Amino acid sequence: MSFSVSTGRFFLIPLLLLLFSCKSLKKNDKTVLVAEKEKKSVPTFKTSNGPYQPSRTRPVDLLHTKLEVSFDWKNQYLNGVAYLTFKPLFYPQKGLVLDAKGMDIHSVDLVTPNAIPLKYLYNKEKLDITLDKVYQSKDTFLIRIKYTAKPNEIKKGGSEAITDDRGLYFINADGKDPQKPVQIWTQGETEANSCWFPTIDSPNEKTTQEMFITVDSAFTVLSNGELVYQKANKDGTNTFYWKQDLPHAPYLFMMAIGKYSIIEDQMTDTRFDWDDFKINYYVEPQYGKYAKSIFGNTPEMIAFFSSLLKYKFPWDKYSQVVVRDFVSGAMENTSASVFMEALQSDDRELLDESWDPIIAHELFHHWFGDLVTAESWANLPLNESFANYSEYLWLNYKYGKDEADQHAETEEKQYFDEANHKQEPLIRFHYHDREDMFDRHSYNKGGRVLHTLRTVVGDSAFFEALNLYLKRNQFKPAEIHDLRLAFEEVTGIDLNWFFNQWFLAPGHPSLKIESQYSSGMLSLTVEQQQDTLRTPIYRIPFKLDVWVNGMKNTYHLELTKSKQSFSLPCAAQPNLVHFDPENEVLSKKSHEKTDEELIFQFKNSHGYFGRKDALVAYFDLSKAENQEMAQAKFKTKDFESLLKGALNDRFWGIRDYALDQFSRYVIPNIENYIPDLERIASSDSKPAVRAQAIYLLSSYDNKRFVDLYYKGLDEKAYSVVGASLSSLLKAKDANIEKKIPEFESIDNINIIIPLANYFINSKDTTKYIWFKKNMQTSEDRRTYALLSYFSQYLAILPEAEKNEGKQLLKKISETNKHEVIRNAANYYLQMLK
Ligand SMILES: [Zn+2]
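Residues numbered from 1 in each chain as written. Predicted model: local features only at pLDDT ≥ 70, side-chain atom pairs only at ≥ 80, totals over all residues. Heavy atoms only, no water.

Per an unreviewed UniProt entry, the chain is named Aminopeptidase N, and its organism is Sporocytophaga myxococcoides. Here is the UniProt Catalytic activity (unreviewed entry) comment for the chain, exactly as written: "Release of an N-terminal amino acid, Xaa-|-Yaa- from a peptide, amide or arylamide. Xaa is preferably Ala, but may be most amino acids including Pro (slow action). When a terminal hydrophobic residue is followed by a prolyl residue, the two may be released as an intact Xaa-Pro dipeptide." (UniProt positions renumbered as here; feature names shortened; annotations may be inferred.)

**Let's talk about the overall build of the chain**
Within the chain one finds 28 helices and 29 strands. When its C-alpha atoms are laid out on the principal axes, the chain stretches across 90 × 70 × 60 Å. Of the contacts formed within the chain by residues at least 6 apart in sequence, a portion of 69% connects residues at least 24 apart. Accessible surface for the chain amounts to roughly 35,900 Å². Of this, 50% is attributable to carbon and sulfur atoms. (Helix = DSSP H or I, 4+ residues; strand = E, 2+ residues; numbered from the N terminus. Contact = heavy atoms within 4.5 Å. Areas by Shrake-Rupley, 256 points an atom, 1.4 Å probe, with all protein chains shown as cover.)

**What to know about empty space enclosed by the protein**
Overall, the coordinates contain 3 cavities of 30 Å³ or more when judged by the stated rule. When its volume is computed, the second largest cavity comes out at roughly 40 Å³. Looking at the second largest cavity, the residues that line it are T452, V456, W497, F498, Q501, W502, R539, I540, P541 and V585. Broken down by secondary-structure element, the contributors of at least two residues to the lining of the second largest cavity are α10 (441-457), α13 (496-502) and β25 (540-548). With 4 residues, the single largest contributor to the lining of the second largest cavity is α13. Counted by class, the lining of the second largest cavity contains 7 nonpolar, 2 polar and 1 charged residues. (1 Å grid on protein atoms, 1.4 Å probe; cavity = no way out; pocket = protein on both sides within 12 Å on 5 of 7 lines; lining within 4 Å. Points joined across faces, edges and corners; volume = space filled by probe spheres on them. Nonpolar A, V, L, I, M, F, W, Y, C, P; charged D, E, K, R; others polar.)

**Here we look at the coordination of the zinc ion**
Looking at the zinc ion, one finds its protein donor set to be M1 (N), M1 (O), H361 (NE2), H365 (NE2) and E384 (OE), positioned 2.1 to 2.3 Å from the metal centre. Along the chain, the residues that donate to the zinc ion are spaced as M-x359-H-x3-H-x18-E. Placement of the pair is H361 in helix α7 (residues 356-364) and E384 in helix α8 (residues 381-399), with a sequence separation of 23 residues. The exposure class of E384 is buried, given its relative accessible area of 0%. (Donors = N, O, S within 2.8 Å, 3.2 Å for Na, K, Ca; no water. Buried < 20%, exposed > 50% of the residue type's maximum accessible area, 1.4 Å probe, protein only.)

**Description of the packing of aromatic side chains**
Under the definition given, this model contains 67 aromatic pairs. K612 extends its terminal NZ or CZ atom over the ring of Y657, reaching a point 4.8 Å from the ring centre. Directly above the ring of Y673 sits K644, whose terminal nitrogen or CZ lies 6.0 Å from the centroid. (Phe/Tyr/Trp six-rings, centres within 6.5 Å; stacked < 30°, edge-to-face > 60°. Lys NZ or Arg CZ within 6 Å of the ring centre and 35° of its normal.)

**What about the sheet that holds strand β28 (residues 576-579)?**
Sheet architecture is open: 3 strands sit in the order β26-β25-β28, paired in antiparallel fashion. At either margin of the open sheet sits one strand with a lone partner, and together these are β26 (551-559) and β28. Strand-to-strand twist in this sheet, taken as the mean axis angle between neighbours without regard to direction, amounts to 20 degrees. The sheet contact formed by β25 and β28 spans 4 bridges and is antiparallel. Along β28, the bridge assignment pairs V546 with V577. Contacting β25 and β28, helix α14 (residues 595-604) runs over the sheet at an angle of about 65 degrees to β28. (Pairing = 2+ DSSP bridges. Axes fitted to C-alpha atoms, helices over the stretch in contact; angles between N-to-C directions.)

**A word on the pattern of salt bridges**
All told, the structure shown has 52 salt bridges when counted by the stated rule. A salt bridge links K180 to D325, with the shortest nitrogen-to-oxygen separation between them at 2.7 Å. Pair noted here: K180 is in the loop between β9 (168-171) and β10 (183-186) and D325 is in the loop between β18 (317-322) and β19 (330-331), with a separation of 145 residues, a long-range link. For K180, a relative accessible area of 24% translates into the label partly exposed. Between R704 and E671 there is a salt bridge, with its nearest N and O atoms 2.9 Å apart. Of this pair, R704 sits in the loop between α20 (687-700) and α21 (706-713) while E671 sits in the loop between α18 (652-664) and α19 (674-683), and the two are 33 residues apart along the sequence. Note on R704: relative accessible area 41%, which makes it partly exposed. (Salt bridge = Lys/Arg side-chain N within 4 Å of Asp/Glu carboxyl O.)

**Things to note about helix α12 (residues 480-491)**
Between its terminal C-alpha atoms α12 stretches 17 Å, which fits the 16 Å expected from 12 residues at 1.5 Å a residue. All buried positions along α12 are accounted for by I480, L483, R484, A486, F487 and E488. Contacts from the buried residues of α12 go to α8, α10, α11 (459-473) and α13. Just downstream of α12, G492 is the residue with a positive phi angle, here 70 degrees. (Expected span 1.5 Å × (residues − 1).)

**Things to note about the nonpolar core**
As a rule of thumb, nonpolar side chains are buried together in soluble globular proteins. One finds F71, I143, Y147 and W367 to be the most contacted residues of the largest nonpolar core, which totals 252 residues. The leading source of residues in this core is helix α24 (residues 749-761), at 9 residues. (Core = buried A, V, L, I, M, F, W, Y, C linked by side-chain atoms within 4.5 Å.)

**Regarding the pairing of strand β7 (residues 126-135)**
Relative to β7, strand β3 (residues 93-99) runs antiparallel, the two sharing 6 bridges. Considered in β7, the bridge of Q93 is made with Y135. Bridge count for strand β6 (residues 119-122) against β7 is 4 bridges, and the pairing is antiparallel. When the sheet's bridge partners are listed, K119 is paired in β7 with T130. Taken together, β6 and the strand that follows it, β7, pair antiparallel across an intervening segment of 3 residues, in which K124 is found at a positive phi of about 75 degrees.

**Looking at the environment of F639**
Within the secondary structure, F639 sits in helix α17 (residues 637-647). For F639, a relative accessible area of 0% gives the class buried. Through-space distance from the C-alpha of F639 to that of L308 is 43 Å; in sequence the pair is 331 residues apart. For F639, the contacting residues outside a window of four places in its chain are Y618, F619, K633, F634, I667 and Y673.

**Remarks on a nonpolar patch on the surface**
A grouping of L89, F90 and Y91 is seen on the molecular surface, where their side chains present a nonpolar patch of about 370 Å² in accessible area. Mapping Y91 onto the fold places it in the loop between β2 (77-88) and β3. (Patch = residues over 30% accessible without salt bridge, like charges linked within 9 Å, V, L, I, M, F, W, Y side chains within 5 Å.)

**A word on α7**
Counting buried positions over the 9 residues of α7 gives 9, a clear majority of the element. Within α7 the residues assigned to the buried category are D356, P357, I358, I359, A360, H361, E362, L363 and F364.

**Structural notes on the sheet that holds strand β29 (residues 588-590)**
Strand pairing in a sheet relies on backbone hydrogen bonds. The paired strands run either parallel or antiparallel. One open sheet accounts for 4 strands, arranged β27-β24-β23-β29; its pairing is mixed. The sheet terminates laterally at β27 (563-569) and β29, the two strands that pair on one side only. When the angles between neighbouring strand axes are averaged without regard to direction, this sheet yields 20 degrees. Note that strand β24 (residues 521-528) and β27 share 7 bridges and pair antiparallel. The partner of M521 across the bridge, within β27, is P569.

**Comments concerning the packing of α11 against α12**
Taken N-terminus to C-terminus, the directions of α11 and α12 make an angle of 125 degrees; their axes are 8 Å apart at the nearest point. The orientation of α11 relative to α12 falls into the category oblique. In terms of crossing hand, the pair formed by α11 and α12 is right-handed. Facing α11, whose interface residues are A461, F462, E464, A465, L466, L468, Y469, R472 and N473, α12 presents D482, L483, A486, F487, E489, V490 and T491. Across the contact of α11 with α12, the residue classes tally to 10 nonpolar, 2 polar and 4 charged. (Parallel < 35°, antiparallel > 145°, perpendicular 65-115°, else oblique. Left-handed = near helix turned anticlockwise from the far one by under 90°.)

**Considerations on unusual backbone geometry**
At the junction of E189 and T190, the peptide bond is cis and its omega measures out at 5 degrees in the coordinates. Note on placement: T190 falls in the loop between β10 and β11 (207-216). Residue K124 is not a glycine yet carries a positive backbone phi of 75 degrees. By the element assignment, K124 lies in the loop between β6 and β7.

Structure representation (structure tokens):
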């Protein structure tokens with residue numbers, strides 16, 4: 001499963017923090033002082049003390065599930081017959097309890113040659129069935145349940161990653177919304193599939209599956225496994241028969257029903273046998289021609305992960321389907337992953353946004369999650385940490401280590417942000433709500449901890465151990481110790497220390513690093529400054545690069561104490577002492593360096609983190625008491641050479657960060673940089689970087705670059721077109737104002753925002769319909785990005801339209817599925833009062 005709000009370029013959460021940052025200024029100085037004093041004894045973060053959450057007890061084993069389902073669109077019900085085959089797991093049983101939420105149960109029978117009605121109790125959550133006799137573990141029995149599922153009558157729940165838990169969703173069921181296709185889809189994780197079929201809804205259960213799904217002949221149906229047949233019925237309906245012979249957990253069952261284009265793709269890999277293996281993409285018909293641009297790296301990903309794990313993709317086929325109004329970013333249902341509608345984009349939009357990370361994430365779950373499944377939600381990182389780490393693995397393989405490291409930097413930051421108010425063990429046996437497990441710990445921290453583990457044991461041991469873990473636990477549930485045991489068996493090293501501190505305890509190291517050189521010796525002191533009452537003192541193997549006379553020596557050392565010093569022979573005063581140069585140890589680090597050392601680090605580091613961290617530290621003047629004096633260094637030759645180096649870096653993320661500094665500070669001698677900015681604006685390989693350079697140029701001597709902007713207008717990437725349009729509008733270029741109507745019809749946020757800005761600034765009150773149209777989108781990220789513009793625009797409108805607009809804001813504040821968006825809409829509504 002993936003988060004929906006943090007993928008892509010418009011990050012909702014950071015934006016919202018900006019929005020509400022004014023709140024923290026209201027604190028008076030006294031509270032700040034008290035808070036500072038209390039810091040020593042009371043941590044800013046909380047660790048949950050919820051009840052112990054064990055794995056589900058398994059009196060019986062569900063061996064096979066056969067479902068026959070059809071739909072009552074008017075009432076949004078599912079009519080079903082479930083045939084469930086069980087055996088007692090070990091102890092004799094005379095009854096069993098199933099999960100079945102919010103249903104009407106019509107009958108429960110034991111299927112023998114004759115159906116025997118069974119006694120049952122049902123309380124709208126659990127179906128408690130009494131068997132006709134006691135069964136032994138060698139016996140199997142088949143139960144038939146006739147039922148009606150009523151998902152909309154179930155009480156709502158959900159989490160940050162999953163915003164709802166009704167299991168079964170009817171989209172535009174009455175067909176009255178012309179903007180939306182008619183669809184049905186399901187979302188099982190965590191325990192919501194038992195809203196549409198009776199089962200043992202627990203991740204430590206695994207069952208094979210058959211589904212007979214009957215729908216109107218206008219629709220296509222996707223489910224798990226292989227499509228055995230699709231047949232027409234006399235009443236104008238079609239029945240789709242999907243079958244999966246390999247067992248998986250009930251939360252991975254799925255259906256997606258709608259009018260789709262199905263785009264077939266091919267495996268080109270020759271390392272494994274892919275005969276009869278199907279890959280396809282289900283998208284709305286108008287996106288059929290873009291499906292391969294969106295999902296087209298899938299075959300290469302399947303081959304890459306299969307080869308890396310030395311374990312071929314385990315399932316019959318791989319389908320990916322896009323649905324409307326999804327409750328999450330995406331979900332890894334076995335062999336049929338579901339994605340949110342944001343993925344449906346055209347070739348021009350895809351120049352600004354790649355969906356590879358989320359595609360890799362759901363795919364990798366097919367080994368970690370679907371093949372080997374966390375036995376309980378407490379063990380969720382066995383699914384999500386791996387899926388998260390696969391994003392890094394794919395980016396590194398396909399786009400290089402800089403790209404992967406930059407992604408890791410973002411992931412790490414999101415975890416650290418969460419850790420300010422919450423620190424939990426990754427494997428969390430105490431929690432209040434299982435949905436709380438879907439957080440930046442299970443995903444982001446887990447992914448980084450796996451990377452740390454990989455650097456501790458080495459690449460080949462890491463992937464060998466994963467292979468052993470997969471083989472040993474395939475088609476079974478696993479817990480964290482299964483992972484440790486696989487690593488110990490492969491490496492021959494006891495790893496309790498690693499798993500205890502990283503997986504079973506909360507927190508992360510906070511390291512203060514100091515180094516001193518004196519007469520042939522380098523002394524390095526590392527102090528662990530984290531809250532060691534509540535979080536561990538870590539054992540940390542680390543690398544140290546010591547640069548002397550421009551030559552690098554790498555030391556492999558190990559920190560085992562809360563404060564520890566290391567003495568190393570050193571021929572001369574080092575140019576640089578670089579602790580953990582590749583950022584392999586998940587930790588907060590503070591290591592004071594001189595500007596000379598930082599410049600040296602930037603110029604000599606091969607890795608992304610070495611270069612980026614040097615720039616971040618060099619440009620951080622926040623500790624300086626006198627900003628003017630601190631900025632004096634910006635006038636030096638060294639500074640100019642550093643900044644130009646960054647503007648010419650091989651990696652776009654570094655160039656982008658260099659550009660950020662121009663909007664952050666007044667950079668002296670700006671003319672010296674203009675040639676670099678012009679070059680980036682007109683020819684950088686990354687559209688977003690070009691766009692930023694165009695915006696920057698327009699803030700200097702705008703009219704001078706009008707020709708460059710006009711070239712930008714002809715570009716394909718909307719980010720570049722939008723930046724050029726914005727710059728021309730700002731320059732009040734006469735020709736561009738005539739062209740505005742052409743741009744008004746473009747349905748892309750990069751174009752919409754400059755236009756919105758222009759209409760607000762020019763007090764053009766004739767554009768309400770245009771604003772309204774763009775606000776009434778099902779793309780939540782766009783709604784969010786436009787909220788402030790829309791409310792600014794409403795402020796200049798006459799009463800009648802202003803009131804209508806306020807009603808629209810009110811509706812968003814009440815009905816949007818994301819809390820951040822509801823809050824933001826409400827905030828702007830209050831501002832308008
Ligand atoms: Zn996931």
